[in-house]
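Observations on the three-dimensional arrangement
Read off the chains here:
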Amino acid sequence: MSQQFVSVEESLKKHLPEEDRKEVFRILYGRELPELDLTIGAANPLNLELKGYSFSAELEGLRPPRRVRVGLIQNSIVLPTTDPIAAQRDALLSKIGQIIGIAHLNGVNIICMQEAWNMPFAFCTREKHPWCEFAESAENGPTTVFLQELAKRYNMVIVSSILERDEDHGDTIWNTCVVISNSGKVMGKSRKNHIPRVGDFNESTYYMEGNLGHPVFETQFGKIAINICYGRHHPQNWMMYGINGAEIVFNPSATVGGLSEPMWSIEARNAAIANSYFTCAINRVGTEVFPNEFSSADGRPAHRDFGHFYGSSYVAAPDGSRTPGLSRVNDGLLVAELDLNLCRQVKDKWGFRMTQRLDLYSRSLERAIQPDFKPQIVRENMTHQN
């Protein structure tokens, strides 16, 4: 891990003169965001990177500011993947529980962890045993029960990405996010709509596409939704959460540098712009080594790790601005203060939602899914004319 590049932001700070750096940051990230005054000392014993930024909106005459603080947690696993399943899970619960406590000290109202945060990301192995043992009930599994107590204690909404076991439907496994209200009650859940079949992401071996649509959860602090990992590659997925009224969309992810890093800084930010809401992109961090070798079906030698999960979690706003990312190598907590009034203000300014033309696309998509569909391609008539 020490050989990994830490972050683009740190490199720019190190190598650019101050005036150049400010202009580069403006071009890359939009407006300069004020840093939040955070309780940094609490993070030091955990070797936790703690950063915070504030997104403001114009003051309005009829609506007061709607400020909410979100927290994004990126973390490495704690124990080796060869340790007992319960020990691995409980060590992660303990670690994240401490970080949620730090988030509370810094005023966080809604917090979201990375994809499958309570386990190693073992889907590369294609092995069912022992990894399916991490699957648990979304409503009353040990992870949810643990977080319910924290949600109530800290008056915090918690978004928890787990491997769900649905005992009521044949022990089916899903990739699921559980939304726990600040009351401590489970509000509901959202499932991963798009499943990757690329590289070592062999997730369709374990679970299929979600069947719950695009739910939006109206919490005390705002309307939130969850676009899980690979769903960020699908603009229609982002769009539907906006149509259903989301103001903040979390994107808990697990992705590696050799595959997706050039896309990472673009997709969630573009979704925030296109849909006039805030997006929170969260990626796990570290390199996880598994007991048995597996191949990637690309002719290369078998290996025992997925590659480096590059962290770099960030928050993007509907006006196109974004925070710097967290580190590519360290555990981190990113706190962002959002004024949700910015969502409507951007809709008024740019009119992206008003000019969306859903009627046009609904007709085109209805045709596109028909078995006899032909693409609308216009070709030159090459018939000889006298």
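Along each chain, the written sequence defines residue order, and numbers are assigned to residues from 1. Local features in this predicted model are restricted to residues of pLDDT 70 or higher, and side-chain atom pairs are both shown and tallied only at a pLDDT of 80 or more, whereas totals for entire chains, interfaces and linings draw on every residue. Values shown for side chains rest on all heavy atoms present in the structure; no hydrogens or waters enter the calculation.

It is worth spelling out the overall build of the protein at this point. Within the protein, the secondary structure is distributed over eight helices and 14 strands. We take the radius of gyration over the C-alpha atoms and set the globule estimate at 2.2 Å times the residue count to the 0.38 power. Expected size for 386 residues packed as a compact globule is a radius of gyration near 21 Å; at 22 Å, the protein falls within 12% of this value. The principal-axis extents of the C-alpha atoms in the protein amount to approximately 80 × 55 × 50 Å. Three labels apply to residues, based on accessible area from a 1.4 Å probe with only protein chains included: buried if under 20% of the type maximum, exposed if over 50%, partly exposed otherwise in between. Within the span of the protein, comprising 386 residues, buried residues form 53% of the whole. Put simply, 70% of the contacts in the protein that link residues at least 6 apart link residues at least 24 apart. In this description a helix means any DSSP run of H or I spanning at least four residues, a strand means any run of E spanning at least two, and both kinds are numbered starting from the N terminus. Note on definitions: a residue-residue contact is assigned when non-hydrogen atoms from the two residues lie within 4.5 Å.

Any Phe, Tyr or Trp ring, taking Trp's six-membered ring, that has another such ring centre within 6.5 Å forms a pair; planes under 30 degrees apart are called stacked, those over 60 apart edge-to-face, and the others tilted. For the structure shown, the criterion picks out 14 aromatic pairs. Between Trp-264 and Tyr-314, the ring centres sit 6.1 Å apart and the planes meet at 90°, which makes this aromatic pair edge-to-face. Taken as a pair, Trp-264 in helix H6 (residues 257–275) and Tyr-314 in strand E13 (residues 314–316) lie far apart in primary sequence, 50 residues in all. Residues Trp-264 and Tyr-314 agree in their burial class; the two are buried. Ring pairs connect the aromatic residues Phe-121, Phe-123, Phe-201, Tyr-206, Tyr-207, Phe-306 and Phe-309, which therefore count as one cluster. In this scheme, the term charge over a ring applies when either NZ of a lysine or CZ of an arginine sits within 6 Å of the ring centre and within 35 degrees of the ring normal. When the ring centre of Phe-25 is taken as origin, the NZ or CZ atom of Arg-21, which lies over that ring, is 5.0 Å away. Against the face of Tyr-314 rests Arg-322, its NZ or CZ located 4.0 Å from the ring centre.

Moving on to the UniProt feature "domain: CN hydrolase" (unreviewed entry) in the protein. UniProt positions are given in the numbering used here, feature names are shortened, and annotations may be inferred rather than shown by experiment. The UniProt entry lists residues 68–340 under the feature "domain: CN hydrolase" (unreviewed entry), expressed in the numbering used here. As annotated, residues 68–340 has a helix share of 23% and a strand share of 31%, and its two end C-alpha atoms lie 8 Å apart.

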